[in-house]
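Architecture at a glance
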Amino acid sequence: MADQINDYVKRPMRYENIDGLGELFFGVLWAMLMFLTLLHSTAPSSSAWRCNTTFFVSAVALAVAYLYGYKALKKRITYPRTGYVKYRSNRITIRISIAGLTAVAVAIAAVFLLRHPASYPPNMVKMALASAGWGLFYAFTTRMDSVWRWVVLLALLVIPPSVTTLPMGPLWSDTLPFVLQGLIFAISGLIALALYLRQHPVPECGAE
Amino acid sequence: MNEQARSISMLDRVIHEPGRLMIVAMLSGIEEADFLFLLHETGLNKGTLSSHLARLEEAGYVEITKAYRGKVPQTLLKLTRAGRKAFDQYRKMVHQAVAR
């Protein structure tokens, strides 16, 4: 019985990702940040994208768009279909902010690593470790209750490290796998969102 | 009467009903939710959910606010301080009863 009560208490937290919007937004943010990093490192030296200020302003703008866009879509898609929840002490906002800040921090670290290429391990090992981390994050934050989620997890573990073996320049080989990681997260979010929309049409009489 | 039976007999009857226990437990982890969320998550029908909420409001455990989201009416539900305290007490008693 105590387990059943704990399950009820935790259910609103699981509800946060019922629509896949969390994964979708995180994936897009991650892919965009990595793309920005790639742009920052490969653009011609006279380009504005090469400028550190442009990079930081763009990264912050992305993080802000992520927070506000996420809330706006929640209001438009989720609340009319399966209801509104306000979490205590902004736990969800804190989680989203941590995810956003982590992504920005990793992007900054990636820029640093690209500028000092000699001081880090070979790409394949680095990507395998990063993918294992993201795989754990994915398995921890989503309910692994369907086959497609396991396929996404497998893709997350296998595709980014494999891409590093393709013949391409060092800058591309450093950032493209990260862009792919973000896109895999985004695709997972899109699948979850499509399933959610199919299973939960807007009630005819609206919310009560 | 042994200790376990005494613990069970002292459980809060308002919360102990399965439908109301679900409602109170879900509301305990959040600030507030609307009627639609509880309808979706509990699987109860509108009439049953309404009557459970009325009983919880009567006991002073749930605060019900009628509002509008745009032009759509919205019923917001929040566990009161007394409701939170009663639920914490209920959980403690259940743990004690199970442990014995």
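Below: a short report on this structure. (Residues numbered from 1 in each chain as written. Chains lettered and ligands numbered in written order. Predicted model: local features only at pLDDT ≥ 70, side-chain atom pairs only at ≥ 80, totals over all residues. Heavy atoms only, no water.)

A few points about the overall build of chain B
Regarding its fold elements, chain B presents six helices and three strands. For chain B, the α and β elements follow one another from N to C terminus as α-α-α-β-α-α-β-β-α. Its C-alpha atoms put chain B at 55 × 25 × 20 Å along the principal axes. Looking at chain B as a whole, 47% of its 100 residues are labelled buried. Residue pairs in contact within chain B that sit at least 24 positions apart in sequence constitute 53% of those at least 6 positions apart. (Helix = DSSP H or I, 4+ residues; strand = E, 2+ residues; numbered from the N terminus. Buried < 20%, exposed > 50% of the residue type's maximum accessible area, 1.4 Å probe, protein only. Contact = heavy atoms within 4.5 Å.)

Section: the nonpolar core
Generally speaking, a soluble globular protein has its nonpolar side chains buried in company with each other. Ile15(B), Ile23(B), Leu27(B), Leu38(B), Leu49(B), Leu53(B) and Phe87(B) are the most contacted members of the largest nonpolar core, which has 36 residues in total. Discounting chain neighbours no more than four positions away, the residues touching Leu38(B) are Ile23(B), Met26(B), Leu27(B), Gly43(B), Leu49(B), Leu53(B) and Leu77(B). The next biggest cluster of nonpolar side chains, apart from the first, holds 33 residues, and it includes Leu29(A), Ala31(A), Ala59(A) and Ala192(A). (Core = buried A, V, L, I, M, F, W, Y, C linked by side-chain atoms within 4.5 Å.)

Considering helix H5 (residues 123-141) of chain A
All names here are of chain A. The terminal C-alpha atoms of H5, which comprises 19 residues, lie 26 Å apart, in line with the 27 Å expected from a rise of 1.5 Å per residue. Within the span of H5, buried status applies to Asn123, Lys126, Met127, Ser131, Trp134, Gly135 and Tyr138. Looking at the buried side of H5, the elements it contacts are helix H2 (21-42), helix H6 (147-163) and helix H7 (170-199). (Expected span 1.5 Å × (residues − 1).)

Side note on the sheet that holds strand S1 (residues 30-34) of chain B
With antiparallel pairing, the four strands of this open sheet are ordered in space as S1(A)-S1(B)-S3(B)-S2(B). Of all strands in the sheet, those bounded by a partner on one side alone are strand S1 (85-87) of chain A together with strand S2 (62-69) of chain B. Neighbour-to-neighbour, the strand axes of the sheet open up by a mean angle of 20°, direction not taken into account. With three bridges connecting them, S1(A) and S1(B) associate as antiparallel partners. The partner of Tyr87(A) across the bridge, within S1(B), is Ile30(B). (Pairing = 2+ DSSP bridges. Axes fitted to C-alpha atoms, helices over the stretch in contact; angles between N-to-C directions.)

Points about the side chain of Asp19(A)
Residues and elements named next belong to chain A. Here Asp19 lies in the loop between helix H1 (2-15) and H2. For Asp19, a relative accessible area of 0% puts it in the buried group. Here Lys74 takes part through its side chain, which lies 2.9 Å from a polar atom of the side chain of Asp19. Engagement of the side chain of Asp19 in a polar contact is seen with the side chain of Thr78, the distance being 2.4 Å. (Polar contact = N/O pair within 3.5 Å; in protein donor to acceptor, adjacent residues only side chain to side chain.)

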